[in-house]
Amino acid sequence: MNMLTEASIEQKLSPMKNEPRIKMRGDKVTVHYGEKQALFGVDLQIPEHQVTALIGPSGCGKSTFLRCLNRMNDTIDGCRVGGKVTLDQEDVYDPKIDVVELRARVGMVFQKPNPFPKSIYENIAYGPRIHGLTKSKAEMDEVVEKSLRKAAIWDEVKDRLSESGTGLSGGQQQRLCIARAIAVSPEVILMDEPCSALDPIATAKVEELIDELRQNYTIVIVTHSMQQAARVSQRTAMFHIGYLVEEGPTDKMFTNPDDKRTQDYITGRFG
Amino acid sequence: MAAVETTGSGARTIDWSSDEFKKRRSRRYAADRRLQYYGIAAIATALGLLAILITSLVMTGYTAFTQTMVSVQITLDDERIDRNDVFGANWRNIVRDAFKAATPGLETADERAYFAMFTNNAPFLVRDRVVADPRLVGTTVTFTIPMADPVDQLAKGQIDRSTPESQRRVSDQQIAWFDGLAQQGMISRPFNTGLFFNADSRFPELAGLAGAISGSFWALMVCFFISFPCGIAAAIYLEEFAPKNKLTDLIEVNINNLAAVPSVVFGLLALAVFIGWFNMPRSIPLVGGLALALMTLPTIIIVTRASLKSVPSSIREAALGIGASKHEVIMHHILPLAMPTILTGTIIGLAQALGETAPLLLIGMNAFITSPPAGILEPATALPTQIFIWADSPERGFVSRTSAAILVLLGFLITMNAIAIFLRQRFERRW
């Protein structure tokens, strides 16, 4: 898996620099929660090795769309997904697809930091272990260290790997969760408001981290903070009451949006 | 001035310190205090009733924890005991002669009343000890033998010497003999180990709880090993896998109903199914344990489901998010986190099963059985049924023994609940 990721970095640095490959694609995605429709025909492309921000007022469906990408909606009773979601041209909702593999390839970081109530080491090692990614203890140690380093938390926890992950501060917990997602070497990382429970300093650290992770991973982030979307993302998609209002390069969205609703939302007139 | 005034522009000024508002607030505080007092009163009532229960049990039961014994020297003569057949010696006469020697000048006509002062089983107690250790033959050994129940009551002051002779169970002459023995320093009242190490007996001085304790132990083992895995598996299926439809709703309603079914019904069921159809023997802990398992199962299912549900969904999502399978999510994360609560609930369920009497009566675990069971297939009684049997027995000695048995049962219950509380506090997690 590691080799694969490295290979794809080279691919990224090769000629097609200006036209990034489309990693994931939503095609007329609809979602129903029981009788209530939450998403109405969303078409959205997620380019590889970029950060795509999903913005919009509460209840607009951005988290719902995010959870379609790794089928986390499956766990919600009465949730039905229509349309098509693809990962590298593969239909994610194909009955033949292996959900465990999909979620290994499309990792997720949640709104509230949710480390397992186990040691820091175990938090990271759990994913690689269940997927059988390492052959030996030494190899596992290496994966754990690498993941923690990539998540910029290694220096803070290297001396207390055996302590509980729940004993860390909120910001550290969230970076631990990012490290846990990275440890499985996913291709895409979904982040559902990863900084909403963090203070400004921790938020700055996580944002810096997101920018670095873009080198190796494709990132989709849901955020309520306009500044955050502007700071970390290359592309932005604006949702409103279940519809995709518009999407485009972040700088264009924030300076010259096509839709009035986007304009209003970004300037703080509603939402 | 009114408490709330509306000014011309529509804004309201509120005078929080006005009498009207002060009175209103003090009424609200009074309601707070009343609620607190109701709670304190309820707890005081409960504690008071508990104190009355425990006190009355201790008052009647404490005497059963000691037993009046007589220490008598018995000469184990070579002439009377054949070393090759220790068992076959005339133990009755050997023991009686030793008793007679302790009270000189005993007339033949009085012998019957005299021997009734000692436990009927004295010859067997002596015999069993010598059989176990034949080297004793040819020596003189001091044996400590329980006194019969009426004398035991006399020694403990339960029988008043001033009541007329015709109204008490020991005669004046027996009292005189007893005082004679006491003067020689032959009477002692040590801790009644027989209460814990003897099985049931017709004679109160020999009756103990060993059979009941081991019967309860085996029945609870059966109950635990059936209801715990079944309960957890059923709860995991219902909570994590079962689709939400009419059928699972029906199952859920029925499980909740089962938890409320009177235990005597489970006893009847066990009687009909296990003894009636499967022809299992009566009075065995296996059947008793199965009946108790039927009773405990719904409790464990309900507790397990509640504790699985109480594990925060963030943990579930975290595991799913890195590609854990359903089995891994449940076995690695949800179940371990729910386990302390499940164990607590299970122990409380087992404690309930330990005190359960009705189903055991129906399957015959209230039989008179004089040896402790060696396993789940031998007839046995259980603690609550032993209490039931003793409470039914007329001998005076069983009155205090019944209370003592209840105290022992309560002791086990308190221990189990304490373990449950310990587990809960030790492993309680905050997220």
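Note that the structure is a prediction, hence the values are computed from the model and not measured.

(A) Examining the UniProt feature "transmembrane region" (unreviewed entry) in chain B more closely. Within this numbering scheme, the UniProt entry marks residues 35-59, 217-238, 258-278, 284-308, 329-351 and 404-423 of chain B as carrying the feature "transmembrane region" (unreviewed entry). Each end of residues 258-278 of chain B is marked by a C-alpha atom, and these two atoms are 23 Å apart; helix forms 76% of the span and strand 0%.

(B) Highlighting the UniProt feature "domain: ABC transporter" (unreviewed entry) in chain A. Residues annotated by UniProt as "domain: ABC transporter" (unreviewed entry) correspond here to residues 24-266 of chain A. Secondary structure over residues 24-266 of chain A splits into 38% helix and 27% strand, and the C-alpha atoms at its two ends are 26 Å apart.

(C) Region of the structure containing the domain arrangement of chain B. Residues and elements named next belong to chain B. Domains assigned within chain B are domain 1 (4-63), domain 2 (66-191) and domain 3 (210-427). Facing five residues of domain 2, the contacting portion of domain 3 comprises four residues. Both faces considered, domain 2 and domain 3 share a buried interface measuring about 390 Å² in area, 33% of it formed by carbon and sulfur atoms. Per-residue buried area on domain 2 facing domain 3 is highest for D149, Q153 and Q158; these three make up 62% of the total on that side. Counting every contact that joins domain 2 to domain 3 gives zero salt bridges.

(D) Quick look at the packing of helix 5 (residues 137-150) of chain A against helix 7 (residues 170-183) of chain A. Residues and elements named next belong to chain A. Remark: helix 5 packs on helix 7, axes separated minimally by 8 Å, with the N-to-C direction vectors making an angle of 130 degrees. Here helix 5 is positioned oblique relative to helix 7, judged by the angle of their axes. Between helix 5 and helix 7 lies a crossing whose hand is right-handed. Contacts between helix 5 and helix 7 pair V143, S147, L148 and K150 from the former with L176, A179, I182 and A183 from the latter. A per-class count over the contact of helix 5 with helix 7 returns six nonpolar, one polar and one charged.

(E) Main features of the sheet that holds strand 8 (residues 218-222) of chain A. Residues and elements named next belong to chain A. Taken in spatial order, the six strands line up as 6-7-8-3-9-10 in an open sheet, and their pairing is mixed. Sheet topology places strand 6 (106-109) and strand 10 (243-249) at the edges, where each strand pairs with a single neighbour. Recorded for the sheet is a direction-independent mean angle of 15 degrees between the axes of neighbouring strands. Of the strand pairs in this sheet, strand 6 and strand 7 (residues 188-192) are connected by four bridges, and their pairing is parallel. If you follow G107 over to strand 7, its bridge partner there is I189.

(F) The side chain of R305 of chain B, seen in detail. Residues and elements named next belong to chain B. Mapped onto the secondary structure, R305 falls in helix 11 (residues 285-310). Taking the relative accessible area as the measure of exposure, R305 reaches 12% and is therefore buried. Among the polar contacts made by the side chain of R305, one reaches the side chain of E239 at a distance of 2.9 Å. Excluding anything up to four places from it in sequence, R305 contacts A235, L238, E239 and E252.

(G) A look at the pairing of strand 2 (residues 36-47) of chain A. All names here are of chain A. In terms of strand pairing, strand 1 (residues 22-33) meets strand 2 through eight bridges, oriented antiparallel. Across the sheet, residue M24 finds its bridge partner in strand 2, namely I46. Between strand 1 and strand 2, which follow one another and run antiparallel, lie two residues, and G34 among them has a positive phi close to 60 degrees.

(H) Structural context of helix 7 of chain A. Residues and elements named next belong to chain A. Given a rise of 1.5 Å per residue, 14 residues ought to cover 20 Å, and the 20 Å separating the end C-alpha atoms of helix 7 matches this to within 8%. Counting buried positions along helix 7 gives 13 out of 14 residues, so the element sits mostly inside the fold. Immediately beyond the C-terminal end of helix 7, within one or two residues, lies S185, with a positive phi of roughly 50 degrees.

(I) The arrangement of the interface of chain A and chain B in detail. At the interface, 23 residues of chain A touch 18 residues of chain B. For the pairing of chain A and chain B, the buried interface totals around 1600 Å² over both sides, and the portion due to carbon and sulfur atoms is 63%. Considering only the side of chain A, the residues that lose the most area to chain B are F116, P117 and Y126 of chain A, jointly responsible for 30% of the buried surface there. Linking chain A to chain B there are one salt bridge. Residues E317 of chain B and R67 of chain A are paired through a salt bridge, measuring 2.9 Å at the closest nitrogen-oxygen approach. Viewed at the interface, chain B and chain A are joined by six residue pairs in polar contact (both at pLDDT 80 or more). Where the side of chain A that touches chain B is concerned, the elements lending two or more residues are helix 3 (99-105), strand 6, helix 4 (120-131) and helix 7 of chain A. If you tally residues by element for the side of chain A that touches chain B, the top one is helix 4 of chain A, at four residues. Of the residues contributing to the side of chain A that touches chain B, the split by class is 13 nonpolar, five polar and five charged.

(J) Just the UniProt feature "domain: ABC transmembrane type-1" (unreviewed entry) in chain B, in detail. Mapped onto this numbering, the UniProt entry gives "domain: ABC transmembrane type-1" (unreviewed entry) at residues 213-420 of chain B. Between the C-alpha atoms that bound residues 213-420 of chain B there is a distance of 20 Å. The span itself is 77% helix and 0% strand.

(K) The arrangement of unusual backbone geometry in detail. Residues and elements named next belong to chain A. Of note in this structure, K28 is not a glycine but carries a positive phi near 50 degrees. Here K28 lies in strand 1. Backbone geometry places S185, a non-glycine residue, at a positive phi of 50 degrees. Inspection of the secondary structure assignment puts S185 in the loop between helix 7 and strand 7. What makes S185 buried here is its relative accessible area of 6%.

(L) Focus on the nonpolar core. Ranked by internal contacts, the top residues of the largest apolar core, which has 51 residues, are M24, L54, F65 and F239 of chain A. A per-element tally of this core places helix 13 (residues 326-354) of chain B first, with seven residues. With residues near it in sequence (within four places) discarded, L54 of chain A still touches L44, K62, F65, L66, V220, I221, V222, T223, A237 and F239 of chain A. Grouped together as the second largest cluster of nonpolar side chains are 44 residues, I124, M140, V144 and I189 of chain A included.

(M) The arrangement of the pattern of salt bridges in detail. Residue and element names in this part refer to chain A. Following the criterion strictly, the structure yields 36 salt bridges over all chains and no others. Across the salt bridge formed by K23 and D88, the nearest N and O atoms sit 3.0 Å from each other. One end of the pair, K23, is in strand 1; the other, D88, is in the loop between strand 4 (79-87) and strand 5 (90-91), and 65 residues separate them in sequence. Accessibility expressed as a relative area gives 4% for K23, which makes it buried. Note that R105 is salt-bridged to E90, the shortest N-O span being 3.5 Å. With a gap of 15 residues between them, R105 in helix 3 and E90 in strand 5 connect regions that are remote in the sequence. Classification of R105 as buried rests on a relative accessible area of 11%. Taking relative accessible area as the criterion, E90 reaches 36% and is therefore assigned partly exposed.

How each quantity is defined
Residues numbered from 1 in each chain as written. Chains lettered and ligands numbered in written order. Predicted model: local features only at pLDDT ≥ 70, side-chain atom pairs only at ≥ 80, totals over all residues. Heavy atoms only, no water. UniProt positions renumbered as here; feature names shortened; annotations may be inferred. Helix = DSSP H or I, 4+ residues; strand = E, 2+ residues; numbered from the N terminus. Domains from an automatic or database assignment. Contact = heavy atoms within 4.5 Å. Buried area = accessible area lost by both parts, 1.4 Å probe. Salt bridge = Lys/Arg side-chain N within 4 Å of Asp/Glu carboxyl O. Axes fitted to C-alpha atoms, helices over the stretch in contact; angles between N-to-C directions. Parallel < 35°, antiparallel > 145°, perpendicular 65-115°, else oblique. Left-handed = near helix turned anticlockwise from the far one by under 90°. Nonpolar A, V, L, I, M, F, W, Y, C, P; charged D, E, K, R; others polar. Pairing = 2+ DSSP bridges. Buried < 20%, exposed > 50% of the residue type's maximum accessible area, 1.4 Å probe, protein only. Polar contact = N/O pair within 3.5 Å; in protein donor to acceptor, adjacent residues only side chain to side chain. Expected span 1.5 Å × (residues − 1). Core = buried A, V, L, I, M, F, W, Y, C linked by side-chain atoms within 4.5 Å.

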